[in-house]
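Chain by chain, the residues:
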Amino acid sequence: MRIVTVCLVLFELAGSPTANAQEVDVPGLDQPVEVLRDPWGINHIYAETEHDLFFAQGYMAARDRLFQFEVWRRQATGTVAELLGPRELERDIGTRLFRFRGDITDEMNHYHDRGAAIITAFVDGVNAYIAETERDPSLLPIEFELLGTRPELWTPDVVISRHQGLLGNINAELRYGRAVAAAGPEEVLKVAGFEPGTPDIALDPAIDGDALSADILGIYNAYRRPVRFQPEDLAAAHRPNPDAWEHLAAIWNDEIPLDDRENLGSNNWVVDSRLSVSGFPMMANDPHRTQAAPSLRYWAHLVGPGWDVIGGGEPEIPGISIGHNGFGAWGLTVFQTDAEDLYVYETNPDNPDQYRYRGAWENMEVEVDTIHVRGADPVVVRHRYTRHGPVTYQDGTTAYAVRAGWLEIGGSPYLASLRMDQAQSWEEFREACAYSHIPGENMIWADADGTIGWQSVGIAPVRPNWSGLVPVPGDGRYEWDDYLPMLEKPWEAEPDRGWIATANNELVPDGYPHRDAVGWEWSDPFRYNRIAEELSSGRIHSVADMMTLQTDYLSIPARTLVPMLRHIGAPDVRTASEALALVEWDYLLTAESREAAVYVVWEGRVRRAVSDVVISESVQPYIGSLSMSQVLSHLAAPGPEFAALCSSCNPLEGRDALLMRELGGALEDLDRDLGGDPADWQFGHWKTITMRHPMTAAVGDEMRNLLDVGVLPRGGNSYTVNQTGGGRVQRSGASFRIIVDTGNWDASVGMNAPGQSGDPSSPYYRNLFGTWAADGFFPVYYSREKVEAAAEERLGLQPKR
């Protein structure tokens, strides 16, 4: 609390009413546009027409994030191999195989009644800045020089790409199918953690379980992975010493997140006027994604006819995904919605482009494509499609295709926020939610009229005869029965308790009638439970309270697990002393805490050990670990398998032996990792963050120091509200934060680490990192008066004269 308040005071003093002024001629504008930039890097854009507003948004975002835009463009168009060579060929094949193949105008107009005009204006603004760099290459960020390349022009197809979206569970579906084939559905159900209820995960007898071990989704996964550069990608003059290449390649490998469901998530909540100091509802949101430089998110303030909206989203997308518009505030988290299925086909031995469907051979649709590859001849590929979707793998007389709801019109992530940006009531906001197909999300709303609400969204296929959790034959017996109408997904408004919160946890209401169209996989409930504790405390909350809660480090698993040590005999004095210290600890995973270091290493060891005890050997290759909720359940009521952990003991004694053994092992791990004097251990010495640039493993030390941002200590883990992931190096969590009091729009606060810009030479590239790492915030001003007072840069965009 003290730290975040100090940060706000310092930042409020940083603004200056006298801003640096500049004018730029920008061909393509209809009227002049004014951009005021505040000390935290937010561009407040004031335009006289809707066209110019989104043109300027594209122009300013490209100005800040041009290299990020170029990487996005290549990913979206399947042209990465043109730049990086044969190793990226599989990615480009996947991108082109899964591209949107419908009518582009219908697609753009799904997101807004004037979607085609808005998206085209945004693209034209991006291209206007690219044209500016063509006239003056000194404007290009350093990455283009390192690679010896230039940015290329955008088209609307780039904006509506699905390559970076949170799309579905197709990899889990294949993994569950393999597990069921190896061990049977009963063994898998014991450890998979599906809820609520028990899904049918038996494989259809027509599926050859052994064949599922092939790399069926290799092309899909190649197109979805982030671009990472290697030393050979750099222009010869910029390559590091070859002796360092092996070390560089290991940088990323040591920092890959553990499990996506555990490390990627989000929190959001709203409280009504009864629970707010101001007497008006408040909204808080902190989406958790990969931590990197530059940030995934980007703030903007868009002011023009019919628009006055501020907040954040992905920089390459027009509009605002999370924010407020002076009427209401909204935020998002993931609501698990399974919009993908893997189909398995029998193919014709005499014609591999035919598959059996309802007793007859049906032709695949085949498209021939040419992919250009740096340093190699062009490659001709054949993209094949069944009636269900793209074919990702074929072997002998078996083929596999992915059916994906996100390939329908409206499947581009977050673009439906354009409609939300103009909502002036809960009813209008909920209507806008009906267009939000991808990703599956919990959309929350709070408005100045006093309404709070929650609507889950995401395109949801109705499966009348299977769970969607394992592959199925594509012979016509497993078909989707259309899609669930969006507003029939779970929702709530104005609850008696006075608050709504979501944290990727299971939120399916009892007796919900459309269970076949909602997912089965959810995050552990610990973040939600901690938020619910605070919001249900009876306290009246301020913005400062919301800041404290967003950065909360209390560990509910620790509060459950540590008391089990109270009455266990320790094998030695040191372990006994550490057990006593944990029992007396406050369960806060702060960076300064010694006990937090011991606890987190111990928790990880306990989770692995219990998983080894409970998960059968046949299932281990596919489901290697239990969720932390499952671990705590097994420890609270240990089964007979724990009795085998010590000689002549019962399950409870076996559990106790495991807990004490792993505590001793944790101390040995910390001796190795932190060394020195154990009395000086701190959690933040063990857990740190460096926000890595995509080129971090390609460049030498001096350039890496320019591109990467860090290193600083961190607290928290996967289960704290301030979610920092499960590893020693934080690679996920909330780089973007927003808190809005609907009674005073200028009282909003936010964060975006490491900074707003993607240009390493910009003062806004890393200026927010230290404040973010200290769990601080900056003020998010909305009124023209406040923006003017804080502005430190003023840019006039002038139509070509």
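Everything discussed here concerns the structure shown above.
What counts and how
Residues numbered from 1 in each chain as written. Predicted model: local features only at pLDDT ≥ 70, side-chain atom pairs only at ≥ 80, totals over all residues. Heavy atoms only, no water. Helix = DSSP H or I, 4+ residues; strand = E, 2+ residues; numbered from the N terminus. Buried < 20%, exposed > 50% of the residue type's maximum accessible area, 1.4 Å probe, protein only. Contact = heavy atoms within 4.5 Å. Areas by Shrake-Rupley, 256 points an atom, 1.4 Å probe, with all protein chains shown as cover. Lys, Arg positive; Asp, Glu negative; His and termini not counted. Charge placed at Lys NZ, Arg CZ, Asp CG, Glu CD. Arc of directions from axis to C-beta. Polar contact = N/O pair within 3.5 Å; in protein donor to acceptor, adjacent residues only side chain to side chain. Disulfide = S-S within 2.5 Å. Pairing = 2+ DSSP bridges. Axes fitted to C-alpha atoms, helices over the stretch in contact; angles between N-to-C directions.

Caption draft 1: Layout of the overall build of the protein. When you go through the protein residue by residue, the secondary structure sums to 26 helices and 29 strands. Its C-alpha atoms give the protein principal-axis dimensions of about 90 × 75 × 65 Å. Taken over 801 residues, the protein has a buried fraction of 61%. Contacts in the protein between residues far apart in sequence, at least 24 positions, make up 73% of those at least 6 positions apart. Accessible surface, the protein as shown: approximately 29,100 Å² in total, 49% of it carbon and sulfur. In the protein, which carries 66 positive and 117 negative side-chain charges, the distance between the mean positions of the two groups comes to 2 Å.

Caption draft 2: Here's a closer look at helix H5 (residues 104-111). All of the buried residues in H5 are Glu107, Met108, His110 and Tyr111. Summarising the axial view, the buried residues of H5 lie within an arc of 150°, below the 170-degree limit, and thus occupy one face. One side-chain oxygen of the residue at the start of H5 lies 3.0 Å from the amide nitrogen of Thr105, identifying that residue as Asp103.

Caption draft 3: Representation of the state of the cysteines. Per the counting criterion, the structure on display carries 1 disulfide. Between the sulfur atoms of Cys646 and its disulfide partner Cys649 the distance amounts to 1.9 Å. In this structure, the disulfide formed by Cys646 and Cys649 twists by about 115° around the S-S bond and is classed as right-handed. The class of Cys646 is partly exposed, set by a relative accessible area of 26%.

Caption draft 4: Representation of the sheet that holds strand S4 (residues 266-271). Read across the sheet, 6 strands follow the order S22-S4-S5-S26-S27-S28 without closing on themselves; strand pairing throughout is antiparallel. Two strands bound the open sheet, and with one partner strand each, they are strand S22 (499-502) and strand S28 (778-779). Both S4 and strand S5 (residues 282-287) contribute to a ladder of 6 bridges, which runs antiparallel. Bridge assignment links Asn267 to a residue of S5, and that residue is Asp286. The strands that helix H16 (residues 526-535) touches are S4 and S22; relative to S22, the one it contacts most, it runs at about 165°.

Just geometry here; none of it tells us what the structure is for.
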